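Residue-level structural notes
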Amino acid sequence: MKKKLIQRGLLGFPLGIAIGFVITIMISVCVGDGSFYPVTLELMEAMGNELNAVIVQTVLCGIMGTGFAMASVIWEIDAWSLAKQSGIYFSVACIVMLPIAYVTNWMKHSVGGILSYIGIFFAIFLIVWLMQYHAWKSRIKEMNDCIKKNGINE
């Protein structure tokens, strides 16, 4: 388990950076004025300049990727129920994500901003969780159908 945590953490760092970069491109495209917006203005002001802000955000995206990747081992703990796995993964993801989102100014620095961010995060988590659940349910049905068709018994 420790080996998996380390391997996933090492892979998660550059993956987190890549995902963070793609998100900044998507945001810039959505703004639609032809400019690239790598960080929020608030982070740029807090860090003193754009370069410092980009460096801080890049490192934090890497840390976030590491946290999410390491937390993925939770899904492999067969002794836990799906509800327990989901709850613990969501909790770990929030613990990793919220401070980073706060520091990078991805959310408003108010109770409403934090609650709104958690709500959006939960909605995205739920959508991804439901898609994965249905995909696995479909795969399991296909495997069971194949076993029945081929007459393989336990």
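See the structure above.
Reference entry: report on the structure contained in this document. (Residues numbered from 1 in each chain as written. Predicted model: local features only at pLDDT ≥ 70, side-chain atom pairs only at ≥ 80, totals over all residues. Heavy atoms only, no water.)

With that settled, consider the packing of aromatic side chains. Two descriptors summarise a pair of aromatic rings, namely the distance from one centre to the other and the angle between the planes of the rings. On inspection of all chains with the given rule, the structure shows nine aromatic pairs. Between Phe90 and Phe125 the ring centres are 5.0 Å apart and the planes differ by 65°, which places this aromatic pair in the edge-to-face class. Taken together, the residues span a long stretch of sequence, with Phe90 in helix α4 (residues 82–103) and Phe125 in helix α5 (residues 111–150) at a distance of 35 residues. The exposure classification of Phe90 matches that of Phe125, with both residues buried. Three or more aromatic residues joined by ring pairs form one cluster here, namely Phe68, Trp75, Tyr89, Phe90, Phe121, Phe122 and Phe125. Geometry around Trp136 places Arg139 over its ring, the cationic atom sitting 4.8 Å from the centre. (Phe/Tyr/Trp six-rings, centres within 6.5 Å; stacked < 30°, edge-to-face > 60°. Helix = DSSP H or I, 4+ residues; strand = E, 2+ residues; numbered from the N terminus. Buried < 20%, exposed > 50% of the residue type's maximum accessible area, 1.4 Å probe, protein only. Lys NZ or Arg CZ within 6 Å of the ring centre and 35° of its normal.)

One can find Gln85 in helix α4. When its relative accessible area of 7% is taken as the criterion, Gln85 is described as buried. A distance of 2.9 Å separates the side chain of Gln85 from the backbone oxygen of Ile77, its partner in a polar contact. For Gln85, the residues in contact, after removing those within four places along its chain, are Ile74, Trp75, Glu76, Ile77, Asp78 and Trp80. (Polar contact = N/O pair within 3.5 Å; in protein donor to acceptor, adjacent residues only side chain to side chain. Contact = heavy atoms within 4.5 Å.)

Our focus in this paragraph is α5. At 3.6 residues per turn, the α-helix brings residues three or four places apart onto the same side. For α5, which comprises 40 residues, the first-to-last C-alpha distance of 58 Å matches the rise-based estimate of 58 Å (1.5 Å per residue) to within 8%. Every buried residue belonging to α5 is among Gly113, Tyr117, Phe121 and Phe125, and all of these are buried. Where α5 is buried, its residues contact α3 (50–71) and α4. Downstream of α5 by one or two residues, Gly151 has phi in the positive range, about 70°. (Expected span 1.5 Å × (residues − 1).)

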